[in-house]
Structure formats: C-alpha cells, structure tokens
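Architecture and fold: a report
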Amino acid sequence: MKKENTAPKAANTATGNGSSRKWIFRIGALLIVAVVCVIMFIIGRGHTVYFDNTKIEYNGKTLNPYYKVDVVVKGEKVAKLREKERGMTSTMGQSFEMDLVITEEKDGPAKTVHVGMALPYSIDGIVVNLPALMAGAPEDVYLSEFVSQAVDTSADDEDVVITDEFELPMEEGDSSEEG
C-alpha cells in the first residue's frame, strides 16, 4: 500500500516566496535587454561615408576642388582623392573623425586639418563634399545622402546574337553518327 502525502499544500499567493522571485527575475531580464538595446543604439549604427572632391555651387560662389586630398581615419589612409574623385570608408557610431591632408595646387604645400562631425541616424550612405566642408558651408550643403544611379545600357546595346564561333561547319553527307 502506498503512503499518501497528507501534508497540506502551500497556497500560491502573490506574497508567496516563489511568485515574487519569478517577478524579480522577469523584471531583471527586461532591464538587461533594455540596457543592451540602448548600448546598441548608441554604438551599433553603421555608416558608409563617401568623400567627394568635386566642384560645388554655394550662395552664388563656386567652391573648386583641391588638387589632392588624402583622407586619414584612425591612422589609416582610406582615400587619396584628386579632382573629381570619390573615396569611401565604413564606420560605426554617431560621430566621425578624420584628418585631411590637403594640397590645393600642384607642387604646393600640404596642410593637415582635423575634422570631426556627427553623423545622422537616418542616412546609411553619407556623401561629404570636402571643398564645401572646408569652406565652412552649412551641413545641408556639404552633407547629402548617397543615391546609387543605375546605368542605362539598353540604349548602347542592341540585340546582338552571339553564335558559337568555334563550331565546325557540317557538310552534307557528314554525320557524327556512323552506323
């Protein structure tokens, strides 16, 4: 014969020991997730920053490109730009710092300028026009969003039929199947 447990069961109430521990662990887990989310929001945003050394019009004034610009980010040269060229780098976070080694004219002296800027959250591909940045133009002039442009090749290419140029001509009477 089995012995039955006749001890009264403990009532599971909100003030009971097991239930309050469960709520403490739930709240603790939610706080940890919230802290990780905040940290990822601050440091986890990736951006691609493009550098343009091109001519730009601003307030009726033409800002000409430099002869040569070397872009250095965290001690590494990421771009060497001549007139009308674009370079790029990838970065994480909200702020961006770079050193620009600028040569304004051929065989002229190079000057180094340290630049720091805040990167917008809403833009992944950021284009920075270096002549406008160095001239002190407002952010909406020197900073824009990178928009990829599709190249229309349909106007250049016509329907070209490519045949197998290595195919051997078959003469009448020749057959690969001889039987």
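A brief look at the structure comes next. Bear in mind the structure is a predicted one, so any value in this text is a computation, not a measurement.

1. Some thoughts on the sheet that holds strand S9 (residues 125–129)
Reading across the sheet, the 4 strands line up as S6-S1-S9-S10 and stay open at both edges, with mixed pairing between neighbours. Where the open sheet ends on each side, the last strands, each with one partner, are strand S6 (85–92) and strand S10 (143–145). Shown here is a sheet whose adjacent strand axes are inclined to one another by a mean of 25 degrees, direction ignored. Judged from the 5 bridges that link them, strand S1 (residues 46–53) and S9 form a sheet pairing that is parallel. Bridge assignment links Phe51 to a residue of S9, and that residue is Val128.

2. Describing the nonpolar core
In globular proteins that are soluble, nonpolar side chains generally tend to be buried together. Membership of the largest hydrophobic core comes to 27 residues, with the highest contact counts inside it found for Phe51, Val71, Met98, Met117, Val128 and Leu130. Of all the elements in the fold, those that place two or more residues in this core are S1, strand S4 (68–73), strand S5 (76–82), strand S7 (95–103), strand S8 (110–118), S9 and helix H2 (130–134). The contact partners of Val71, leaving out residues within four places of it in the chain, are Phe51, Glu76, Lys77, Val78, Ala79, Leu81, Met98, Asp99, Leu100 and Leu130.

Parameters and conventions
- Residues numbered from 1 in each chain as written.
- Predicted model: local features only at pLDDT ≥ 70, side-chain atom pairs only at ≥ 80, totals over all residues.
- Heavy atoms only, no water.
- Pairing = 2+ DSSP bridges.
- Helix = DSSP H or I, 4+ residues; strand = E, 2+ residues; numbered from the N terminus.
- Axes fitted to C-alpha atoms, helices over the stretch in contact; angles between N-to-C directions.
- Core = buried A, V, L, I, M, F, W, Y, C linked by side-chain atoms within 4.5 Å.
- Buried < 20%, exposed > 50% of the residue type's maximum accessible area, 1.4 Å probe, protein only.
- Contact = heavy atoms within 4.5 Å.

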